[in-house]
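Next come the chains, spelled out residue by residue.
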Amino acid sequence: MAPPGILNRYLLLMAQEHLEFRLPEIKSLLSLFGGQFTSSQETYGKSPFWILSIPSEDIARNLMKRTVCAKSIFELWGHGKCPEELYSSLKNYPVEKMVPFLHSESTYKIKIHTFNKTLTQEEKVKRIDALEFLPFEGKVNLKKPQHIFSILEDYGLDPNHIPENPHNIYFGRWIADGQRELIESYSVKKRHFIGNTSMDAGLSFIMANHGKVKKNDIVFDPFVGTGGLLIASAHFGAYVYGTDIDYNTVHGLGKASRKNQKWRGPDENIRANLRQYGLEKYYLDVLVSDASKPSWRKGTYFDAIITDPPYGIRESTRRTGSQKEIPKGIEKCPESHVPVSLSYHLSDMFFDLLNFSAETLVLGGRLVYWLPVYTPEYTEEMVPWHPCLKLISNCEQKLSSHTSRRLITMEKVKEFENRDQYSHLLSDHFLLYQGHNSFREKYFSGVTKRIAKEEKSSQE
Amino acid sequence: MRLLTHNLLSSHVRGVGPRGFPLRLQATEVRINPVEFNPDFIVRMIPKVEWAALLEAADNLHLIEVPKEPIQGYEHNEEFLRKMHHVLLEVEVLEGTLQCPESGRVFPISRGIPNMLLSDEETET
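Residues numbered from 1 in each chain as written. Chains lettered and ligands numbered in written order. Predicted model: local features only at pLDDT ≥ 70, side-chain atom pairs only at ≥ 80, totals over all residues. Heavy atoms only, no water.

Examining the overall build of chain A
Thought 1: A tally of regular secondary structure across chain A gives 14 helices and 16 strands.
Thought 2: Expressed as a percentage of its 460 residues, the buried residues of chain A come to 54%.
Thought 3: Of the contacts made within chain A by residues no fewer than 6 positions apart, 72% connect residues no fewer than 24 positions apart. (Helix = DSSP H or I, 4+ residues; strand = E, 2+ residues; numbered from the N terminus. Buried < 20%, exposed > 50% of the residue type's maximum accessible area, 1.4 Å probe, protein only. Contact = heavy atoms within 4.5 Å.)

Let's talk about the interface of chain B and chain A
Thought 1: If you look at the interface, chain B gives 38 residues, while chain A gives 40 residues.
Thought 2: Between chain B and chain A, the buried area comes to about 3,300 Å², and carbon and sulfur atoms account for 52% of it.
Thought 3: Summed over the shared surface of chain B and chain A, the result is four salt bridges.
Thought 4: For the salt bridge of B:R44 with A:D217, the shortest nitrogen-to-oxygen distance reads 3.7 Å.
Thought 5: Joining chain B to chain A, the criterion identifies 20 residue pairs in polar contact (both at pLDDT 80 or more).
Thought 6: Counting only elements with at least two residues in the side of chain B that touches chain A, the list comes to α1 (3–8), α2 (39–45) and β4 (113–114) of chain B.
Thought 7: Its residues assigned to classes, the side of chain B that touches chain A shows 15 nonpolar, 11 polar and 12 charged. (Buried area = accessible area lost by both parts, 1.4 Å probe. Salt bridge = Lys/Arg side-chain N within 4 Å of Asp/Glu carboxyl O. Polar contact = N/O pair within 3.5 Å; in protein donor to acceptor, adjacent residues only side chain to side chain. Nonpolar A, V, L, I, M, F, W, Y, C, P; charged D, E, K, R; others polar.)

A closer look at the pairing of strand β6 (residues 147–154) of chain A
All names here are of chain A.
Thought 1: The element β6 is extensively covered by neighbouring structure, given that eight of its eight residues are classed as buried.
Thought 2: Side chains H147, F149, I151 and E153 of β6 all project onto a buried face; the interleaved residues I148, S150, L152 and D154 project onto the opposite face, where all are buried too.
Thought 3: Looking at chain direction, strand β4 (residues 107–115) and β6 are connected through eight bridges and run parallel. Across the sheet, the residue bridging to I110 is F149, located in β6. (Pairing = 2+ DSSP bridges.)

Some points on helix α4 (residues 78–90) of chain B
Thought 1: Taken together, the buried positions of α4(B) are occupied by B:F80, B:L81, B:M84, B:H85, B:V87, B:L88, B:L89 and B:E90.
Thought 2: On the buried face of α4(B), the contacting elements are β10 (283–288) of chain A together with α1, β1 (24–32), α2, α3 (51–60) and β2 (91–99) of chain B.
Thought 3: At the N-terminal boundary of α4(B), the capping side chain belongs to B:N77, with an oxygen 3.2 Å from the backbone nitrogen of B:E79.

Some points on empty space enclosed by the protein
If you roll a probe as big as a water molecule over the atoms, it shows you where there is empty space left.
Residues and elements named next belong to chain A.
Thought 1: Taken as a whole and assessed by the stated rule, the structure comprises two cavities of 30 Å³ or more.
Thought 2: Taken as a whole, the largest cavity holds about 80 Å³ of empty space.
Thought 3: P222, A291, S292, P294 and F356 are, among the 15 residues lining the largest cavity, the residues nearest its centre.
Thought 4: Counting residues per element, the lining of the largest cavity draws most heavily on helix α11 (residues 346–360), which supplies four residues.
Thought 5: For the lining of the largest cavity, the per-class residue count stands at 10 nonpolar, three polar and two charged. (1 Å grid on protein atoms, 1.4 Å probe; cavity = no way out; pocket = protein on both sides within 12 Å on 5 of 7 lines; lining within 4 Å. Points joined across faces, edges and corners; volume = space filled by probe spheres on them.)

Some thoughts on the pattern of salt bridges
All names here are of chain A.
Thought 1: This model, assessed by the stated rule, comprises 25 salt bridges over all chains.
Thought 2: Between E57 and R61 there is a salt bridge, with the nearest N and O atoms lying 2.9 Å from each other. Note that E57 and R61 are positioned in helix α2 (residues 57–64) at a spacing of four residues, about one turn of the helix.
Thought 3: Taking the relative accessible area as the measure of exposure, R61 reaches 32% and is therefore partly exposed.

Focus: the sheet that holds strand β15 (residues 389–398) of chain A
Residues and elements named next belong to chain A.
Thought 1: Spatial strand order, β10-β9-β8-β11-β14-β16-β15: seven strands in an open sheet with mixed pairing. Edge strands, defined here as strands with exactly one partner in the open sheet, are β10 and β15. The average angle at which neighbouring strand axes cross in this sheet is 15°, direction not considered.
Thought 2: Note: strand β8 (residues 218–221) against strand β9 (residues 239–244), four bridges, orientation parallel. Residue pairing across strands places F220 opposite Y241, the latter belonging to β9.
Thought 3: Across the sheet, helix α1 (residues 19–32) is in contact with β14 (361–374), β15 and β16 (403–412); its angle to β15 comes to roughly 145°. (Axes fitted to C-alpha atoms, helices over the stretch in contact; angles between N-to-C directions.)

Comments concerning the packing of aromatic side chains
All names here are of chain A.
Thought 1: A full pass over the atoms with the stated rule returns 27 aromatic pairs over all chains.
Thought 2: Aromatic side chains F136 and F149 sit 5.3 Å apart centroid to centroid with 85° between the ring planes, which places their arrangement in the edge-to-face category. Taken together, the residues span a long stretch of sequence, with F136 in the loop between α5 (121–129) and β5 (139–140) and F149 in strand β6 at a distance of 13 residues. Each member of the pair F136 and F149 is classed as buried.
Thought 3: Between Y301 and F302, the aromatic rings sit 5.2 Å apart at their centres with planes inclined by 85°, giving edge-to-face as the arrangement. Here Y301 and F302 have matching classes, each one buried.
Thought 4: Feature note: the residues W77, Y93, F101, Y108, F136, F149 and F171 constitute an aromatic cluster, connected by ring pairs.
Thought 5: Positioned over the ring face of F133 is K91, at 4.7 Å from the centre of the ring. (Phe/Tyr/Trp six-rings, centres within 6.5 Å; stacked < 30°, edge-to-face > 60°. Lys NZ or Arg CZ within 6 Å of the ring centre and 35° of its normal.)

None of the figures reported here should be taken as evidence of function without further support.
Laid out in structure tokens, this is it:
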């Protein structure tokens, strides 16, 4: 039994994608399971090797049942910058913590992974043999061992400069793998119902994790589209609601988004998507509704709001308008009889979203949404704020050379009182994001410049 | 549309405020759709339910066996929870209307999906 106050150290092997999104995902999940993020490493940055202190193996296992950013977790027994340091570190690891896994009745195997370098079979065997000093008393079983141990050698991140010797070597007991296989099994390629802007499966799970979604939660997406974000939350056991201003999308009507397909089939709607994955029981309802004019009664009943609002590029930003204001050539939904037209200024949309979240989230509930930015003008102060919501994380994903979107996660820390609706208008932040209202023009400005340049050079 | 959802919806016609709740429910087509019973979820929902609105809607749909109020110790009362599960989640209105009690404005429900869109003139500023 470890003395009180000493946390066990674990090694997380991270996947090398969505780099900025990884730390907030792990922190959110640890907090969800009663752990807290503590580590002896200063920065995580680009490395796939993270050493964390976690209070118990149970918390570590729960973490792995949710993460799509981490590939595996190991109970760390030793590490060093060279073999000698590793062996000495292993000799310092308390024997009583090793014995439960090495005793004579146990079976085990030792694997070796090298990162950014390939070793010959002979080199691998040599390294495993060098660990003979460890008190292994059990039998080796390569097929179905009770315990798997791993040596992990880190040869850096640059495939063009592979060092002779590793930067770091780790040795640990394998505990569990993460949920990266969800990315393939929930791939948009196989989904029955998709739209132009359906979210990549990996990112939708990351969003649900940033949102700390848990079993029996109610999760809401006010810009639900084809429901991709709801699927991730339903997979984690939450019951889901969605609204969208587009009648056809909510009903699953109209032109299909798949290449070579003209019209959507009868099996294409949000409910059918959940049914495809055996998650239909988590479908509560979807509604045709304008997110700027919500129809929910006063109260706090959403545990998380997870959404990807339209940026005005591939899908237009819209809200309902008045009969007198319809510009020509605007679509009118035949069954709703309400003109859906006015362009919705982006900054208004985000402040409506924050106000709505502050009002309807339970205390401690999270809002997770994408904020499009024009990179040359972006500053942190531009991120919309609200007195009831605390900023938890802000992760960038590049879209083009001069645009990106940021995944913003906020947590409700204060109950909503009516006057909060107006205080943001006094803030400089509101004015700063106003500039982004012309996001659509800025997004395309790069394109038109490039086309003009190409035309010019082809004429020369 | 489920009765749990109906219980959370309100009219946002200009000027009605809190008098926009609850919406008056009329149904021309209802389906009973079995959903896996999850007592933990139902227990979580009970405190959020506006009971009078639920009873009125259930009455409009001619449902029987609807508990009149949360009973003492409901967290462990399986019979109560199963009845609430049925009322809240297993009764789906496929075709019908929701009417704002204050303004009379009607919101249609078609294929189980309510359409809550209002024009600019109709909503609060």
